[in-house]
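So the chains spell out like this:
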Amino acid sequence: MRRPGPSLHAADPEQWHYGRNFDAAKAIDQYAGFASLVMASGSTILWMDDAGDGLADAMFTHDPSLVSDAGAILLNMGKALRRAEVDAHERAYGNARIPILGRIVDPGTVEGGDCVWLDDKTLVVGRGIRSNEAGIAQLRAMLSVRGVEVHGFDLPLWQGETACLHLMSVISPLDDDLALVFAPLLPAPFYQLLKSSGIALIEAPEDEFRASNGLSLNVLATAPRDVIMIGGFDATRRAMEAAGCRVSTFAGDALCIACEGGPTCLTRPILRQAS
Ligand SMILES: NC(=O)NCCC[C@H](N)C(=O)O
């Protein structure tokens, strides 16, 4: 995880496509609330520093890399302003002695927010503005020799090419057999794959999804059915509780809704331990 600091303070909201509620000081405060929930979950956190490199989006550590059983994969960002984040991830993995399996290179682009592990042998990637076919083909070449099937599914354009729509904007896995989805924006073949894989789907209430710019659905599972979401979206919360989830919330209007990324985007999971 990377705690936001001077780079977020220096961010020009127009350049970064941050919304009306953007307020760096408030976002940094809200991040502390989020981080304390992740710490309370018992997760071990590897911290990266914002020492003023100007990379305001780098707090969204989900995106510049991906982790597989064979090592970390350094990705190649589709959003030009975020390209330099990948080298910082490479250094972080090196410091933690985590092996690196490979790197996505031009003309291929893949962002972590477009990648969803359905199980340990199936990776689904959303093909859209941020991740392209060349990048997905590179991922497939890296992973197929390790017995992993990589599926690429087209994403809709939704709010246009300057906005952030990842595959993880329309699905949050909550457990091996449970996910929260916004079905109207899911690639139809992905919806069918989820159903045929026996994954139960909770439909995110549409009014909250739209009011939150999609962030009501961005829910981080720190353990099976143990989840963290942005506060204020009670119908979504109740739908997850009805499916047996324990839900914690934090205030995220300035941090998440304004900067277009929620709790899943603010973390890059490295290792999940079997309970
Ligand atoms: N995985 C995610 O959906 N990440 C959110 C990234 C938000 C960031 N402002 C971006 O546009 O890339």
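It should be noted that the structure appears before, not after, this text.
Predicted model only: the values in this text are computed from it and were never measured.

Undergrad: Is there a simple way to explain the overall build of the chain in this structure?
TA: Looking only at helices and strands, the chain has nine helices and 12 strands in total. Taking 19 Å as the expected radius of gyration for a compact globule of 275 residues, we find that the chain reaches 17 Å, a close match to that expectation. Structurally, the chain occupies a C-alpha span of about 45 × 40 × 40 Å along its principal axes. Burial statistics for the chain: of 275 residues in total, 43% are counted as buried. For the chain, long-range pairs separated by at least 24 residues make up 66% of all intrachain contacts whose partners lie at least 6 apart in sequence.

Undergrad: Please clarify how the site of the ligand should be interpreted in this entry.
TA: Around the ligand there are 15 residues in total, and F60, G113, C164, G261 and C265 lie nearest to it. Considered class by class, the residues forming the shell around the ligand number five nonpolar, five polar and five charged.

Undergrad: Teacher, can you tell me more about the sheet that holds strand β7 (residues 171–175) here?
TA: Within a sheet, neighbouring strands are paired by backbone hydrogen bonds and run either parallel or antiparallel to one another. Spatially, the three strands line up as an open sheet ordered β7-β8-β9, and their pairing is mixed. Two strands bound the open sheet, and with one partner strand each, they are β7 and β9 (200–203). When the angles between neighbouring strand axes are averaged without regard to direction, this sheet yields 25 degrees. The sheet contact formed by strand β8 (residues 178–181) and β9 spans four bridges and is parallel.

Undergrad: Where do I start with unusual backbone geometry in this structure?
TA: Glycine aside, the phi torsion of most residues is negative, and most peptide linkages are trans. In this chain, D106 is followed by P107 through a cis amide linkage whose omega measures 5 degrees. A positive phi angle, close to 60 degrees, is found at R225, a residue other than glycine. Along the chain, the position of R225 falls in the loop between β10 (220–223) and β11 (226–230). A positive phi is found at E260, a non-glycine position, where the angle reads about 65 degrees. Position of E260 relative to the elements: it lies in the segment after α9 (253–257).

Undergrad: Mind showing me how you'd approach the sheet that holds strand β4 (residues 115–119) here?
TA: Strand order in the open sheet formed by three strands is β4-β5-β6, and the pairing between neighbours is mixed. Each edge of the open sheet is held by one strand with a lone partner, namely β4 and β6 (149–154). Neighbour to neighbour, the strand axes of the sheet diverge by 25 degrees on average, direction disregarded. Of the pairings in the sheet, the one linking β4 to strand β5 (residues 122–127) comprises four bridges and is antiparallel in character. What sits directly across from V116, in β5, is V124. Docked against the sheet, helix α5 (residues 133–144) engages β5 and β6, running at close to 165 degrees with respect to β6.

Undergrad: Hey, could you run me through the environment of V67 in this one?
TA: Structurally, V67 can be placed in strand β1 (residues 65–68). Overall, the presence of 19 C-beta atoms within 10 Å leaves V67 in the partly exposed class. Sequence separation between V67 and R268 is 201 residues; the distance between their C-alpha atoms is 8.3 Å. Leave out the neighbours within four places in its chain, and V67 touches A72, P269 and I270.

Undergrad: Hey, could you run me through helix α4 (residues 85–95) in this one?
TA: For α4, the set of buried residues is E85, H89 and A92. Angularly, the buried residues of α4 cover 60 degrees about the axis, an arc narrow enough to put them on a single face. Exposed positions of α4 whose direction lies more than 90 degrees from the buried face are D87, R91 and G94. In this structure, the buried residues of α4 make contact with β1 and β2 (71–74). In the segment just after α4, R97 is the residue with positive phi, at about 55 degrees.

Undergrad: What should I look at first to understand helix α8 (residues 234–242) in this one?
TA: Residues separated by three or four positions in an α-helix point in the same direction, a consequence of the helix having 3.6 residues per turn. Turning to α8, its buried residues number three or more, namely T236, R237 and M240. All buried residues of α8 project into a common sector of 100 degrees when viewed along the axis, lining one side. With respect to the buried face of α8, the exposed residues turned more than 90 degrees away are A235, R238 and A242. Contacts made by the buried residues of α8 are with β7, β8, β9, α7 (206–211), β11 and β12 (246–250).

Undergrad: For this particular structure, what's the right way to read the pairing of β7?
TA: Working note: regular strand, side chains alternate between the two faces of the sheet. Across the five residues that make up β7, a large majority, four, are buried. Inspection of the sheet shows β7 paired to β8 by four bridges, in the antiparallel sense. What sits directly across from I171, in β8, is V181. The loop that links β7 with its antiparallel partner β8 comprises two residues.

About the cut-offs
- Residues numbered from 1 in each chain as written.
- Predicted model: local features only at pLDDT ≥ 70, side-chain atom pairs only at ≥ 80, totals over all residues.
- Helix = DSSP H or I, 4+ residues; strand = E, 2+ residues; numbered from the N terminus.
- Rg over C-alpha atoms; globule rule 2.2 N^0.38 Å.
- Buried ≥ 20, exposed ≤ 12 C-beta atoms within 10 Å, placed from the backbone.
- Contact = placed C-beta atoms within 7 Å.
- Near = placed C-beta within 6 Å.
- Nonpolar A, V, L, I, M, F, W, Y, C, P; charged D, E, K, R; others polar.
- Pairing = 2+ DSSP bridges.
- Axes fitted to C-alpha atoms, helices over the stretch in contact; angles between N-to-C directions.
- Arc of directions from axis to C-beta.

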